[in-house]
Amino acid sequence: MKFQRVYVLGSTGSIGVNTLDVIARHPETLSVYALSAYSRIEQLAAQALATGAAVVVVPDEPARRRFTAAWPAGRTLPEIRVGAAALADTAADSQVSTVMAAIVGAAGLPAALAAAKAGKRVLLANKEALVAAGALFMKTVRDSGAELLPIDSEHNAIFQCMPHFGRAGAATHPAKGVRRLLLTASGGPFRTTLLEKLTDVTPDQACAHPNWRMGRKISVDSATMLNKGLEVIEAHWLFAMPLERIQVVVHPQSMVHSMVEYDDGSILAQLGQPDMRTPIAYGLGFPERIASGVGLLALTSLGRLDFEEPNLDRFPCLRLSFEALRAGQASCVTLNAANEIAVDCFLKQKIRYTEISRIIERCLHREVGRVRSGLDSLEEILALDAETRSFASQLCHVK
Ligand code: NAD
Ligand code: MG
């Protein structure tokens, strides 16, 4: 494996921490060049100290001061870069070979896009970037020759089951011989909860995922299954696959991470523990397989694997995601931005769980009624994202 210097965007998050864990297992081939965080600056300082990062990126001057205050006397400070522009510019730094895009939300889009533009190996966890800017992102990867490796466990599983022959670029058409992608979903904590009880569920109940430990935003998305909706859109872009050829399958055990169905009747699946270090290690090591720290799956103790159809009445956010993908890119930007605001308001207990899908639906209806020309640039995408956020915030506050 070639030596890689990694820039971890969002290093203090769930994916960021798992990424540093895998990197630390391979000191001869993997090193940390830069780290970024938006909050928990003391944790960032501890990470920079442990990894010997040359650069850290923080959002503002108060964060810079907190970082310096947390740094032990007598140790050389890393270079501290400040602000959103520095976050993106560091991705293009000549010292960086690999970028882990693990910021949560559309806030991570400019930096992920900068990494793609600079032709780096891009490990993409930040699914919202692809939902908001799928066409632009994939074109950028194609034009720059960047390597794109999906880290979201389902897409990583699909990638592993695809006939890619060692290539990790941007697909322009569905792979030959592939009939459908089968995207598995756990169904989250409310898969069997009585529908009338959903109005009263709390943020902590929504974040108590049965199989995965993740950040709070993606945990709520898993409860509503909007996460699976975002993943359908993500799969559409990553594998150039039309919506009709992507099937969501509820699989409560989360052991089969997704599957590829072939024209000859074969279905290839990737199985493993629900631990993100497996897809992260796959992305870092590609095309080699490297140790991740994840234990093996004891097949004989699994007992059974169940598969069910998703219930779109129980999970209206899944239906809304299909509608957004059919309607086009502006609707996908809107779906994601409205959801980010609604989930944030739910986590702050300003709205009920069941309002999340209603707010997204109102934002989507408003968007579909508009006439618009293309969304070709990052600036246009970010403008629509910001405008949708302000409309969705108003809807949250009249509740
Ligand atoms: P998290 O909330 O645990 O961490 C988010 C990270 O992003 C933190 O380091 C935070 O400081 C940083 N951040 C937050 N807002 C920011 C902003 N405005 N600007 C710059 N940085 C900001 O999230 P996570 O669970 O690690 O998820 C990260 C991404 O990976 C998400 O897009 C998520 O959908 C995706 N993902 C996560 C998992 C998982 O297991 N956690 C699985 C698949 C995909
Ligand atoms: Mg996933």
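Everything numeric in this text was worked out from a predicted model, so none of it was measured.

**Digging into the sheet that holds strand 2 (residues 30-36)**
Then step 1. Judged by pairing direction, the sheet is parallel, and its seven strands sit side by side in the order 4-3-2-1-5-6-7 without closing on themselves. Since the sheet does not close on itself, it has two edges, and those belong to strand 4 (79-82) and strand 7 (147-150), each with one partner. Within the sheet, the average angular offset between the axes of one strand and its neighbour, ignoring direction, is 25°.
Then step 2. Across four bridges, the pairing between strand 6 (residues 121-124) and strand 7 is parallel. The residue bridging Val122 from the neighbouring strand is Leu148, located in strand 7.

**Topic: the site of ligand 1**
Then step 1. The immediate surroundings of ligand 1 are formed by 25 residues, with Gly10, Gly13, Tyr38, Met214 and Gly215 found nearest.
Then step 2. Only helix 1 (14-24), helix 6 (127-144) and helix 9 (216-224) provide two or more residues apiece to the shell around ligand 1.
Then step 3. Per element, the largest residue contribution to the shell around ligand 1 is three residues, and it comes from helix 1.
Then step 4. Considered class by class, the residues forming the shell around ligand 1 number twelve nonpolar, nine polar and four charged.

**Details of the pairing of strand 6**
Then step 1. On strand 6, burial covers both faces: Arg121 and Leu123 on one face and Val122 and Leu124 on the other are all buried.
Then step 2. Relative to strand 6, strand 5 (residues 98-101) runs parallel, the two sharing four bridges. What sits directly across from Met100, in strand 6, is Leu123.
Then step 3. Note on the crossover from strand 5 through helix 5 (residues 109-117) to strand 6: the handedness is right-handed.
Then step 4. One crossover worth recording links strand 6 to the parallel strand 7 by way of helix 6, and it is right-handed.

**Observations regarding the sheet that holds strand 8 (residues 178-185)**
Then step 1. The strand order across the open sheet formed by four strands is 9-8-10-11, and the pairing between neighbours is mixed. The sheet is open, and its two edges are formed by strand 9 (246-250) and strand 11 (267-271), each paired on a single side. Sheet twist, expressed as the mean angle between neighbouring strand axes with direction ignored, is 20°.
Then step 2. Here helix 7 (residues 153-161) sits on the sheet in contact with strand 8, strand 10 (256-262) and strand 11, set at roughly 40° to strand 10.
Then step 3. Packed onto the sheet, helix 10 (residues 226-238) meets strand 8 and strand 9 and runs at close to 155° relative to strand 8.

**Looking at the domain arrangement of the protein chain**
In many analyses, interface size is given as the accessible surface area lost on bringing the parts together.
Then step 1. Looking at the assigned domains, one finds that the protein chain contains domain 1 (4-161) and domain 2 (311-399).
Then step 2. Just the C-alpha atoms count here: the centres of domain 1 and domain 2 sit 27 Å apart.
Then step 3. Tallying the contact residues gives eleven residues for domain 1 and nine residues for domain 2.
Then step 4. For the side of domain 1 that touches domain 2, the element with the highest residue contribution is helix 6, accounting for seven residues.
Then step 5. Among the residues forming the side of domain 1 that touches domain 2, the class breakdown is eight nonpolar, two polar and one charged.

**What about the UniProt feature "domain: 1-deoxy-D-xylulose 5-phosphate reductoisomerase N-terminal" (unreviewed entry) in the protein chain?**
Then step 1. Residues given the UniProt feature "domain: 1-deoxy-D-xylulose 5-phosphate reductoisomerase N-terminal" (unreviewed entry) here are residues 6-134.
Then step 2. Secondary structure within residues 6-134 divides into 44% helix and 21% strand; the distance between the first and last C-alpha atoms comes to 24 Å.

**Remarks on the confidence of the model for the protein chain**
Then step 1. In this model, the protein chain carries a mean pLDDT of 95, and residues with pLDDT of at least 70 account for 99%.
Then step 2. For this predicted complex, the interface score ipTM comes out at 0.99, alongside a pTM of 0.97.

**Observations regarding the pairing of strand 1 (residues 4-9)**
Then step 1. Taken together, the five bridges between strand 1 and strand 2 define a ladder with parallel strand orientation. Of the residues in strand 2, the one forming a bridge with Tyr7 is Ala34.
Then step 2. Where strand 1 meets strand 5, four bridges bridge the pair, whose relative direction is parallel. Directly across from Tyr7, in strand 5, lies its bridge partner Val99.

**Quick look at unusual backbone geometry**
Then step 1. Of note, the bond from Phe286 into Pro287 is cis; its omega dihedral lies within 30 degrees of zero at 5°.
Then step 2. Tracing the backbone shows Pro287 in the loop between helix 11 (277-285) and helix 12 (299-302).
Then step 3. Positive phi is not limited to glycine here, since Ala240 has a value of about 50°.
Then step 4. One non-glycine residue, Gln349, lies in positive phi territory at about 60°.
Then step 5. Position of Gln349 among the secondary structure elements: in the loop between helix 14 (329-347) and helix 15 (355-368).
Then step 6. Using a count of 9 C-beta atoms within 10 Å as the deciding quantity, one classes Gln349 as exposed.

The rules behind each value
- Residues numbered from 1 in each chain as written.
- Chains lettered and ligands numbered in written order.
- Predicted model: local features only at pLDDT ≥ 70, side-chain atom pairs only at ≥ 80, totals over all residues.
- Pairing = 2+ DSSP bridges.
- Helix = DSSP H or I, 4+ residues; strand = E, 2+ residues; numbered from the N terminus.
- Axes fitted to C-alpha atoms, helices over the stretch in contact; angles between N-to-C directions.
- Near = placed C-beta within 6 Å.
- Nonpolar A, V, L, I, M, F, W, Y, C, P; charged D, E, K, R; others polar.
- Buried ≥ 20, exposed ≤ 12 C-beta atoms within 10 Å, placed from the backbone.
- Right-handed = clockwise from strand over helix to strand, strands pointing away.
- Contact = placed C-beta atoms within 7 Å.
- Domains from an automatic or database assignment.
- UniProt positions renumbered as here; feature names shortened; annotations may be inferred.
- pLDDT = per-residue confidence, 0-100.

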